[in-house]
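Understanding the architecture of this molecule
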Amino acid sequence: MNRPTGGPTVAVTGIGVVAPNGIGAAAFWKATQAGESVLDRVTRQGCEHLPVRVAGEVRGFEPGELVEDRFLVQTDRFSHYALAAADLALEHARLGRADYEDDPYAVGVVTAAGSGGGEFGQRELQRLWGQGPRYVGPYQSIAWFYAASTGQVSIRRGFKGPCGVVASDEAGGLDAFAHAARGIRQGSRAMLVGATEAPLAPYSVVCQLGYEGLSTAEDPERAYRPFTAKACGFVPAEGGAMFTVEDAAAAERRGAPVRALLAGHAATFTGPGRPEESGEGLAHAIRGALREAGLAPEEVDVVFADALGTPEADAAEARAIRQALGAHGAKVPVTAPKTGTGRAYCAAGTLDAAAAVLALEHGVVPPTPNVFDVCHDLDVVTGSARVAPLRTALVLSRGRMGSNAALVLRKGPGSALQ
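Worth saying up front: this structure is predicted, and the values here are computed from it rather than measured.

1. Quick look at the overall build of the chain
Secondary structure assignment for the chain yields 13 helices and 16 strands. Computed over its C-alpha atoms, the radius of gyration of the chain comes to 20 Å, within 12% of the 22 Å expected for a compact globule of 418 residues. For the chain, the spread of C-alpha atoms along the three principal axes comes to 65 × 55 × 35 Å. The buried share among the 418 residues of the chain stands at 61%. Within the chain, counting contacts between residues at least 6 apart in sequence, those at least 24 apart form 79% of the total. By element, 51% of the accessible surface of the chain is carried by carbon and sulfur atoms, the whole surface being about 15700 Å². Taking the 39 positively charged and 45 negatively charged side chains of the chain as two groups, their mean positions are separated by 2 Å.

Structure representation (structure tokens):
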């Protein structure tokens, strides 16, 4: 992802978050830095009798206050989150219509999605079987689709540049950044990039029941505890994050804060159900991302772990960090803020990326909620946040089907979050 000779440096200039622990970057960071856990019993209608008892639900989100009615009726909850987060990312970057209306082809959108529009699709299928095909709305054909968020964000904002959707399992949230960086290198003025998910509708939850590692624990404080002897899987979550990325020099010319630099990315695929190979693949991705960033292992100041939450997967990730970073792997601070919000599939990586950018900006490593008795040779930050001089963050993501990704972010010269 690092720039070719003479190519642009790709910068993050805006962050938009819709998460279980806060809406907007400031609220999200305040809760993340404090180590708040918002995991709680699932309250979505129709999920009461399903085995998944605990999740990270987005609360206080009123889509009608943020998105126009004509887009709401066409889209699922996961796209509502994306539309709102995109607005927040553009506002955060101070990028308005006046900055691109002269050339709408200069701005593109890339998102990742894993579960799609399950809530919308379930509703329309219920109408099909309960009332007949004449009662199925026309938007059933698009609202469930993984690409819906990319399409609706670009249509709503008038972006006509390179647009796409990444479907590479849970690692897609990080892989989308590489696609966005390529768009900037190829001449786009800005790219909206990120991922949002809404997997807590009954149909979506039923589809997840076969996932290895899905936690069915009933106590929110014990349902998601990676890197501990009592790890029993992960807790699902909804929400996500969108980012504005730009050519760093162009952003500075228009007075936008450069909050972080996209320094390196790499991805591998090791197949499903192979923890040992997934560890090797993740280590390979870490090395590739650092190589692209032109950095040595000891220059990594913090690792945002994937933290799947099963003993085998956690052990594989711990080995990958130590193998890829050498002796530094046992000393570098490791954190997994998602243990307080849940694992939002493709969006988990983007929420970690948002936390990483803000951690670099503020010089604070957020803690790993609900985790205390770490049983791996890692310096997992628990209890409370740790103040530290941070220049480089490594964000990791793995998918249940075998995708692995690593993203390197560097501290930007932008001012602290307003």
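Continuing now.
2. A few points about the packing of aromatic side chains
All told, the structure shown has eight aromatic pairs when counted by the stated rule. Measuring from ring centre to ring centre gives 5.0 Å for Phe 61 and Tyr 81, while their planes differ by 65°; the resulting arrangement is edge-to-face. Placement of Phe 61 in the loop between strand 4 (54-55) and helix 2 (63-66) and of Tyr 81 in helix 4 (residues 77-93) is noted, with a sequence separation of 20 residues between them. Centre to centre, the rings of Trp 144 and Tyr 146 are 6.4 Å apart; their planes meet at 75°, and the pair counts as edge-to-face. Through a chain of ring-to-ring contacts, three or more aromatic side chains come together here, namely Trp 144, Phe 145 and Tyr 146. Positioned over the ring face of Phe 234 is Arg 343, at 5.8 Å from the centre of the ring. The ring of Tyr 211 has Arg 400 lying over it, and the distance from NZ or CZ to the ring centre is 3.5 Å.

3. Description of the packing of helix 4 against helix 7 (residues 148-157)
The relative placement of two packed helices is expressed as an angle between their axes plus a distance between the axes. As a packed pair, helix 4 and helix 7 sit with axes 9 Å apart at the nearest point and diverge in direction by 45°. In terms of axis orientation, helix 4 runs oblique to helix 7. The handedness of the crossing between helix 4 and helix 7 comes out as right-handed. Contacts between helix 4 and helix 7 involve Phe 78, Ser 79, Ala 82, Leu 83, Ala 86, Asp 87 and Leu 90 from the first element and Ala 148, Ser 149, Gln 152, Val 153, Arg 156 and Arg 157 from the second. The residue makeup of the contact of helix 4 with helix 7, split by class, is seven nonpolar, three polar and three charged.

Thresholds, definitions, all that
Residues numbered from 1 in each chain as written. Predicted model: local features only at pLDDT ≥ 70, side-chain atom pairs only at ≥ 80, totals over all residues. Heavy atoms only, no water. Helix = DSSP H or I, 4+ residues; strand = E, 2+ residues; numbered from the N terminus. Rg over C-alpha atoms; globule rule 2.2 N^0.38 Å. Buried < 20%, exposed > 50% of the residue type's maximum accessible area, 1.4 Å probe, protein only. Contact = heavy atoms within 4.5 Å. Areas by Shrake-Rupley, 256 points an atom, 1.4 Å probe, with all protein chains shown as cover. Lys, Arg positive; Asp, Glu negative; His and termini not counted. Charge placed at Lys NZ, Arg CZ, Asp CG, Glu CD. Phe/Tyr/Trp six-rings, centres within 6.5 Å; stacked < 30°, edge-to-face > 60°. Lys NZ or Arg CZ within 6 Å of the ring centre and 35° of its normal. Axes fitted to C-alpha atoms, helices over the stretch in contact; angles between N-to-C directions. Parallel < 35°, antiparallel > 145°, perpendicular 65-115°, else oblique. Left-handed = near helix turned anticlockwise from the far one by under 90°. Nonpolar A, V, L, I, M, F, W, Y, C, P; charged D, E, K, R; others polar.

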